[in-house]
Every structure is written in structure tokens, then in C-alpha cells.
Amino acid sequence: MKVVSVINIKGGVGKTTLTANLGAELASRGMRVLLIDLDPQASLTFSFYTIDDWDALLAPNLTIQRWFDAQNNGHDPVRLSELARAPAGVEGSIKHPNGRLDLVASHLGLINIDTRLASSMSGGTFDQVRANVMKTYRMLADELRDRTLRRKYDVVLIDCAPNFNVLNKAALVASDWVLIPAKADHLSTLGIEYLIKHLKDLTSDYKQFLRVRSPGEPQYPRISPEILGVVFSMVPKRLDLPIQAVRPFLEEIKQLQGVPVFETIIRQSTALFAAAPRDGVPVSVATSVPADVAKELDDLAEEFTNNAGLKGIE
Ligand SMILES: Nc1ncnc2c1ncn2[C@@H]1O[C@H](COP(=O)(O)OP(=O)(O)OP(=O)(O)O)[C@@H](O)[C@H]1O
Ligand SMILES: [Mg+2]
């Protein structure tokens, strides 16, 4: 099972849309996909559920909030695998018999989660702080080692909020791969540079913490979240090619050291992508999608599968 964080410090670059579409496309190729909505905005959740259905079916006790409460407030323990559900609206669109698309939904009440997590890490001696930080950073990683979950899914896509707070650090610590959606503009380039710097700092802090170990503390595994690549999304195209005005920004990002860039570029299409969440079915598995857009999403899944070492699972 591969774990992939879909992240960019910059907001509104297409992270959630890409997560939903890639997840559905992989499932329709026969993969067993788990989506985790780690963003308190819950946009990924609302790409599959109406607010009324979320309120009735998920909010009371089938969101990631229940898992956090169980971790931090001593509520009844619950596994993430018990919270995952297949959104009914999309099930009929996953044609492959082995394919599966489940979601661990988010909760709007998680808006203060980062402050809660940050305070749970502070206080005491250096050793206590270090132990608390490790426990918090490893929160998701340890959960995703659950055997039931690893047997059930081939790939986990984590939709992250646009920041580098504690929750996202926990997602990165749990990840094999980091997928970075980006728009073709200057601020996106800056966002990617910051993200990469923060990722390096996180990995090296974690490594430092691994070196010291208090008696009785578990031997934590090493981590190596690698950058799978930048995927350009929401790019204006004409005749299947990015318009002239955005090409310098595509080039700028390709020049960044050590940052692979996906060949597939997802076009801007408000009519398709902005409307799909209302129907609860991602464009990649919807009917009557124009051939050029369907091909882009197909190419994206193909490139993703090859680069992430998932070939042969479908
Ligand atoms: N390829 C696209 N073409 C047109 N509109 C798009 C495309 N991809 C996403 N959008 C729209 O752009 C907006 C932002 O997209 P999305 O929510 O996926 O970004 P995000 O990076 O997850 O945002 P946030 O940082 O708030 O989590 C949404 O309204 C979405 O419907
Ligand atoms: Mg989002």
C-alpha cells in the first residue's frame, strides 16, 4: 500500500479536485483506493456528499474527528478503516470489478485541530517534548500501518489543507510520496519552493529525534517522503497546449532542482471541474466528458501509477 499526500502550501491550486479525480480514475482501473480528507474545510468530503447527507450519515460518528477524539481525549478507540465509506453516488461509476473508492470524511468542527495538536506537543523537559512531538508526528503513520487497512487498500491519497501545520506534518511523516498540484503562476513557484524547504526540515528534525531515545520509548521507523512530482492543474489551454502566457511559469518550475514535473497537464475547465462536486461524481468517471479532458485524466493516472511504483496492481 502506498501513501500519497496531495499538498501545496498555496490554496486554491486544485489539490482537492485532483485528489477526487485521480482517486476515482485509479479505482476505475481496478485499484483499491482510500481517500482521506484531512482538511477541516471538508471540500473533498463535499465533492462526494451533499451537506444534508453528510449531516445525517457521517457527521455524528463517521468522520476523522471521531478518530482524533479517540486519540486525544481517551474516547472509545476507533480505527480509520472503520470510518471509511464508499460514497454511494460514485459507486455505480466505478466499473472495474476489483476497483474500490472509499473516503474517510472530514468534519467542519476540526477547524481548531492544529492548535489542539500543537498544545499537546508542548511543555515539560526536552525529552518529554521530543516524545510528544514524535507521538503527534507519527499519529497517522502508525494508524496506516494497521494490517486490516493495508490488506484492504492499494493506495491512500490524503487531501491536505493549504498550510504546513502539525496535521500536514503528520500526513507527510506517514507518506511514501508527495504529490504537488500547482497552478502555472509565479506565486505557485514560490509555494513549491517553501514546501520543499519545509519538507526537508521536517525530515531532518525527525531524523534528529530518532537519534535520541528515552528508555521504554518505541524504536520508531525512519521516514522518506519523496516528491512524486508537481502536477500542473487549472492551466488554460488552446488546441490542447498551454496558452503562451503561462508557459514561462511552467518552465520556471521545471528548473527547480530535484523536483520532477508530470508531463500531463490538466486544463482549466470551469464547466466540468467546478460543477462536478455538485453531482458527487468526479469528472474522471463521469459520463459525457469531452475526449481531450478524459485523455488528460487517463494520462495522469497512467503517469502516477508508473511513477509511484503501482504498476501491475490494476
Ligand atoms: N481544472 C480545473 N478547471 C477549472 N476549475 C477548477 C479546476 N480544478 C479545480 N477547479 C476549481 O477551482 C477551485 C479550487 O479547487 P480545489 O478546491 O480543488 O483547490 P484546493 O487546492 O484544494 O483548494 P484549498 O487550498 O482551498 O484546499 C474549486 O472551485 C474547483 O472547483
Ligand atoms: Mg482543497
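Nothing here was measured: the structure is a model prediction, and the numbers come from that model.

A positive phi angle, near 55°, is found at Met-234, a position not held by glycine. With respect to the helices and strands, Met-234 occurs in the loop between strand 6 (226-232) and strand 7 (237-238). Here Met-234 falls in the partly exposed class, since its relative accessible area comes to 30%. Of note in this structure, Ser-288 is not a glycine but carries a positive phi near 55°.

Around ligand 1, a shell composed of 17 residues is seen, among which Lys-15, Thr-16, Thr-17, Arg-267 and Ser-269 lie nearest. Between ligand 1 and Gly-12 there is a distance of 2.8 Å, counted from an oxygen atom to a backbone nitrogen or oxygen. Within the side chain of Lys-15, one N or O atom sits 2.7 Å away from an oxygen atom of ligand 1. About the coverage of ligand 1: the protein hides 81% of its 630 Å² of free accessible area. Listed by contribution, the elements that provide at least two residues to the shell around ligand 1 are helix 1 (15-28) and helix 13 (270-274). Of the residues that constitute the shell around ligand 1, the class distribution is five nonpolar, nine polar and three charged.

Another point: the sheet that holds strand 3 (residues 100-104). The strand order across the open sheet formed by six strands is 3-2-4-1-5-6, and the pairing between neighbours is parallel. At either end of the open sheet lies a strand with only one pairing partner, and these are strand 3 and strand 6. Averaged over all pairs of adjacent strands, the angle between their axes in this sheet comes to 20°, without regard to strand direction. Where strand 5 (residues 177-182) meets strand 6, six bridges bridge the pair, whose relative direction is parallel. The residue bridging Trp-177 from the neighbouring strand is Glu-226, located in strand 6.

Time to look at the environment of Val-166. Of note, Val-166 is situated in helix 10 (residues 166-173). For Val-166, a relative accessible area of 10% translates into the label buried. Along the backbone, Val-166 and Thr-115 are 51 residues apart, and their C-alpha atoms lie at a distance of 8.6 Å. Every residue in contact with Val-166, bar those within four places of it in the chain, is listed here: Asp-114, Leu-117, Ala-118, Met-121 and Thr-136.

Now for the packing of aromatic side chains. Summed over the entire model, instances satisfying the criterion amount to three aromatic pairs. Seen from their ring centres, Phe-46 and Trp-54 are 5.6 Å apart, and the 70° between their planes marks the pair as edge-to-face. Trp-54 sits in the buried class, given a relative accessible area of 5%. Ring geometry for Phe-126 and Phe-209: centres 6.4 Å apart, planes at 70°, overall edge-to-face. With Phe-126 in helix 7 (residues 126-137) and Phe-209 in helix 11 (residues 186-211), this residue pair connects regions lying 83 residues apart in the sequence. For Phe-209, a relative accessible area of 18% translates into the label buried.

The rules behind the values
- Residues numbered from 1 in each chain as written.
- Chains lettered and ligands numbered in written order.
- Predicted model: local features only at pLDDT ≥ 70, side-chain atom pairs only at ≥ 80, totals over all residues.
- Heavy atoms only, no water.
- Helix = DSSP H or I, 4+ residues; strand = E, 2+ residues; numbered from the N terminus.
- Buried < 20%, exposed > 50% of the residue type's maximum accessible area, 1.4 Å probe, protein only.
- Near = heavy atom within 4 Å.
- Polar contact = N/O pair within 3.5 Å; in protein donor to acceptor, adjacent residues only side chain to side chain.
- Areas by Shrake-Rupley, 256 points an atom, 1.4 Å probe, with all protein chains shown as cover.
- Nonpolar A, V, L, I, M, F, W, Y, C, P; charged D, E, K, R; others polar.
- Pairing = 2+ DSSP bridges.
- Axes fitted to C-alpha atoms, helices over the stretch in contact; angles between N-to-C directions.
- Contact = heavy atoms within 4.5 Å.
- Phe/Tyr/Trp six-rings, centres within 6.5 Å; stacked < 30°, edge-to-face > 60°.

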